[in-house]
Structure formats: structure tokens, C-alpha cells
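Spelled out, the chains give:
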Amino acid sequence: MKKPDEYIKMGAKIPKGILLYGKPGTGKTLIAKAIAGEAGVPFISMSGSEFIEMFAGLGASRVRKLFEKAKKMAPCIVFIDEIDAIGSRRTSNSGAESENNQTLNQLLVEMDGFETSETIIVLAATNRPEMLDKALLRPGRFDRQITIPAPDLNGRVEILKLHSKDKKLAEDVNLKEIAGDTAGFTGAELSNVLNEAAILATKERHDAIQNIDIENAVRKITVGLEKHNRVVSDKDKKLTAYHEAGHAVVSRYLSTQNDVKEVSIIPRGLAGGYTMYRTNEDKFYVSRTELLEKMVALMGGRAAEKLVLNEISTGASNDLEVATGIARDMLTIYGMSDSLGPVSLKVDEAYELQLFGEEVVNEVGNQIRLLIENAYVTAQKLLSEHRDILDNVANTLLEKEKITSEEFEKFFN
Ligand code: ZN
């Protein structure tokens, strides 16, 4: 946008549409604004939901008006947030959907209509790119797609620095360490962490935000607030202590799993207790071994309940859900199954699975159960072998309610 002539002289066509996608809070709107700022051109923005009107035809006319305005202001950036609101796949021709289709058609007409010499660049944002009508992604429309991922470690440090500028931080605050504990957090979530920390620090009557306030804010956001006043029966306490000790002890013996950061049986949010792991540096790929061992660590809770109390509880429901999800993805997305082979069974609609034949569908179900069963057996074996440590950790939890990583390590010396 700064030097369009150079590109045109070379015979290059200036891209018209760029699709930004990433989960909510990653800063898609901020990036669009920054591009306009950097190029020194006007920024016109509208949200997809604003086009959706109860009166037929209004959505389409709004699109028309938006582009009329853009042509007058060119060169400029047009930003359409939540484009999935108008750009989702065209389906039937009834009611609200046909209104939607008209709006989408008008957008396509406008995108095709303007000349590249007008240097209008349309940026659109979505967190559901798979929902979009394929027609939007054709050449000459949104043919460039940019993923906006959650920030990496350095990114998180910088974002935390930025959002702590206007906050009173105590000397002991270590933003690098906080960044290390917040892998996967988006910019908006990091901003939220610091705000929560400021609220907690105020409640605690601290002079400034201390590191512990930020750590508590991270925990509040990930697992919910500690509920010290919830009455927990001794029986439930024992169950929770063994369940959490089971996770922690099992993962200690798995080489690919992250170190335990904290184990607690103080209820938080909906959970009776939790085991928190240190996050290692953000990884790009995950190996099969790592996924299998992650499942073993997840099964550690139920395995401990069964081994010690000879009873199983509803407390493992989330563990089972996550483990089943991993097993399913290993088989259907990552092609990591011996019996099914390196094949992707990822489909848009359930019926498409039938193309692979009934045998394959059944085999997926069998293999998922087998993977989980194996993980459960491995967890039980590890816990029986190290029963003394399991008992020590659980008893210490019953006594102190919380164990730090240093205290946890001592059980293994
Ligand atoms: Zn669990």
C-alpha cells in the first residue's frame, strides 16, 4: 500500500482479500489496525454480525454501502470481523439463510468488482475458517490466509510487559516465569491475568501486585478459585488425595511428561483437587510416545482410586474425556494406529465415515478402547510398583492439602 506502483510495474496484482484466523483474543483486530497504521491509510471496520438484519435485503445493501465508502476513501483497509456470520457455507434457500446468502453474494460481487488499482485491501477475521463458504477463498477474493496463533514464550513475556505498564508491580514479580506457566494463553487472556492479579492484590491489601497474586490469578483462570469453606468429608478427601497423587506419581515415571508444579486437594472451581504441571517450551510437534504417556498420566487418577480404595468414582470423568479425545485424534487425525495404518479419517460429516466401510468404523471404536485400556493398565502397574511413594504423597496431601514441586521431588530421593 506504500508503494503500489512498484508492484504494478512488475506486473504483480495486489491482493484484495486477506483472511486472518486464530482463536478469540489472539489480536486479529489489533493486527488489522496495525497494518492500516503502518501503511498510513484509513481503517474502515465492521463486524459480520452487523450485516445480519431482520429485514430482508438490508444486509446486502450494507455491504454495498461499505464498499462505496471504501472506494471514496481508497487507498484504505476494510476490516470485516467475524466474517463467519455472513460467510458461512450457503445452504438451503429458506428464511434467515437466504438473507444470509444474499449478503454473502453481495460481498462476493463487491470483491470481484473493484480494480486492484483502487488499492482497497479487505481484511477479514474468523476463528472458524472451516465454516466459511469455499467461494470466499477463491483467487481474487480472500486468497491469502494468515494464521494468528497464540503467542510463544517471548511473545507472552512482551505482552505481559505491555499490560503491566500501568500496574503497580512488586519487586518479586517475575514475568518470564509467569510467561512460562501460561503456554497457550492468548493476548486477551494474559491481559485478563494481570487484571485479576490487581484485583486479588487489592483484596489481599498488598502494597503492589506480588508474584503470588499473578500465580493465583493464573490458577483462578485455569482451574477456578480455591474454595476453603466447602465442607469435604474425610472419605472424599482421601479419594481426592489418592486420585491426585496417582496423576502426579505416574507422570513422574513417564519421561515425556512435564514436571509436577503443584498438587492440591483444596477444591477449586468444579474440581475437588488438581495436579498442575510445569509447561516446557512450546512445542510444535508431539510424538506418539508423548501422547500415549499423556494418556497414562490421565488414567493415573482412576488407577490410584481402584488400587487403594478398590472403588472408582465420578471424579475421573474429565480425565476420561481428555484421554478418549487423545485416542480418537491419534487414530482419526494423526494416523498413528498400527491396525488402521497412516490414514486420516477426518471428515466434515459423519456419513462420510461410511465411505471407509463399516469395518474401519468399528475398528476405530475398538482401537480407542484398546489404547485407553493399555494406558490404564500401565498406570496401575506403575502405581503398584511405587505404592510406598503413592501412599506417602497421598498422606502428605491429607495433612498439608498442597504440595509444591520441591516437596514432591523429595519423595523420589
Ligand atoms: Zn484426575
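What counts and how
- Residues numbered from 1 in each chain as written.
- Predicted model: local features only at pLDDT ≥ 70, side-chain atom pairs only at ≥ 80, totals over all residues.
- Heavy atoms only, no water.
- Helix = DSSP H or I, 4+ residues; strand = E, 2+ residues; numbered from the N terminus.
- Buried < 20%, exposed > 50% of the residue type's maximum accessible area, 1.4 Å probe, protein only.
- Areas by Shrake-Rupley, 256 points an atom, 1.4 Å probe, with all protein chains shown as cover.
- Lys, Arg positive; Asp, Glu negative; His and termini not counted.
- Charge placed at Lys NZ, Arg CZ, Asp CG, Glu CD.
- Pairing = 2+ DSSP bridges.
- Axes fitted to C-alpha atoms, helices over the stretch in contact; angles between N-to-C directions.
- Contact = heavy atoms within 4.5 Å.
- Parallel < 35°, antiparallel > 145°, perpendicular 65-115°, else oblique.
- Left-handed = near helix turned anticlockwise from the far one by under 90°.
- Nonpolar A, V, L, I, M, F, W, Y, C, P; charged D, E, K, R; others polar.
- Domains from an automatic or database assignment.
- Core = buried A, V, L, I, M, F, W, Y, C linked by side-chain atoms within 4.5 Å.
- Expected span 1.5 Å × (residues − 1).

### Focus on the overall build of the protein
Then, in step 1: In terms of helices and strands, the protein carries 16 helices and 8 strands.
Then, in step 2: In terms of overall dimensions, the protein has a C-alpha envelope of 75 × 65 × 45 Å along the principal axes.
Then, in step 3: Expressed as a percentage of the 413 residues in the protein, the buried residues total 42%.
Then, in step 4: Carbon and sulfur atoms form 52% of the exposed surface of the protein, whose accessible area is close to 22500 Å².
Then, in step 5: Between the averaged position of the 53 positive side-chain charges in the protein and that of its 62 negative side-chain charges there is a distance of 4 Å.

### Digging into the sheet that holds strand β8 (residues 402-404)
Then, in step 1: Reading across the sheet, the 3 strands line up as β7-β6-β8 and stay open at both edges, with antiparallel pairing between neighbours. For this open sheet the edge positions go to β7 (274-277) and β8, each flanked by a neighbour on one side alone. Averaged over all adjacent pairs, the angle separating strand axes in this sheet is 10 degrees, with direction ignored.
Then, in step 2: Across the face of the sheet, helix α10 (residues 211-223) comes into contact with β6 (260-264), β7 and β8 while running at roughly 120 degrees to β7.
Then, in step 3: In the packing of helix α15 (residues 387-400) onto the sheet, the strands contacted are β6 and β8, and the crossing angle to β8 comes to about 120 degrees.

### Here we look at the packing of helix α13 (residues 317-332) against helix α14 (residues 358-385)
Then, in step 1: Closest axis-to-axis distance for the α13/α14 pair is 9 Å, and the angle between their directions is 130 degrees. As judged from the angle between their axes, α13 and α14 are oblique. Read as a crossing pair, α13 and α14 show a hand that is right-handed. The segment α13 lies against α14, with Ala-323, Thr-324, Ala-327, Arg-328, Met-330, Leu-331 and Thr-332 engaging Val-364, Gln-367, Ile-368, Leu-371 and Ile-372.
Then, in step 2: Tallied by class, residues from the contact of α13 with α14 come to 8 nonpolar, 3 polar and 1 charged.

### Here's the deal with the domain arrangement of the protein
By convention, interface size is frequently given as the accessible area that disappears when the constituent parts associate.
Then, in step 1: Assigned domains within the protein: domain 1 (4-147), domain 2 (153-222) and domain 3 (234-410).
Then, in step 2: Averaged C-alpha coordinates put domain 1 and domain 3 at centres separated by 43 Å.

### A short note on the nonpolar core
Then, in step 1: Grouped together as the largest cluster of nonpolar side chains are 43 residues, with contacts concentrated most on Met-295, Val-393, Leu-397 and Phe-408.
Then, in step 2: Counting residues per element, the ones that place at least two in this core are α11 (234-252), β6, α12 (288-309), α13, α14 and α15.
Then, in step 3: Broken down by element, the residue count for this core peaks at 9 residues, all from α14.
Then, in step 4: Ignoring any residue separated from it by four or fewer positions in sequence, one finds Phe-408 in contact with Ala-248, Val-249, Arg-252, Val-260, Val-393 and Ile-403.
Then, in step 5: In terms of nonpolar packing, the next biggest core, distinct from the first, is built from 25 residues, Met-46, Ile-83, Ala-124 and Leu-132 among them.

### Describing the sheet that holds strand β1 (residues 17-21)
Then, in step 1: Overall, parallel pairing links the 5 strands, which are arranged β2-β3-β4-β1-β5 in an open sheet. Looking along the sheet, the strands with just one partner apiece sit at the ends: β2 (43-47) and β5 (144-147). Strand-to-strand twist in this sheet, taken as the mean axis angle between neighbours without regard to direction, amounts to 20 degrees.
Then, in step 2: Here 5 bridges tie β2 to strand β3 (residues 76-81), and the two strands are oriented parallel to one another. In the sheet register, Phe-43 faces β3, and the bridge partner there is Ile-77.
Then, in step 3: Where helix α2 (residues 28-39) meets the sheet, its contacts fall on β1, β2, β3 and β4 (120-126), and the angle it forms with β3 comes to roughly 175 degrees.
Then, in step 4: The sheet contacts of helix α4 (residues 58-73) involve β2, β3 and β4, and relative to β2 the element is tilted by about 170 degrees.

### Digging into the pairing of β1
Then, in step 1: Taking burial as the measure, the 5 residues of β1 include 4 buried ones, the bulk of the element.
Then, in step 2: Sheet topology places β1 next to β4; 5 bridges connect them, and they run parallel. In the sheet register, Ile-18 faces β4, and the bridge partner there is Leu-123.
Then, in step 3: Bridging between β1 and β5 involves 4 bridges; their strand directions are parallel.

### Structural notes on helix α7 (residues 153-164)
Then, in step 1: For α7, which comprises 12 residues, the first-to-last C-alpha distance of 16 Å matches the rise-based estimate of 16 Å (1.5 Å per residue) to within 8%.
Then, in step 2: Of all the residues in α7, the buried ones are Gly-155, Arg-156, Val-157, Leu-160 and Ser-164.
Then, in step 3: The secondary structure elements touched by the buried residues of α7 are α8 (175-180) and α9 (187-203).

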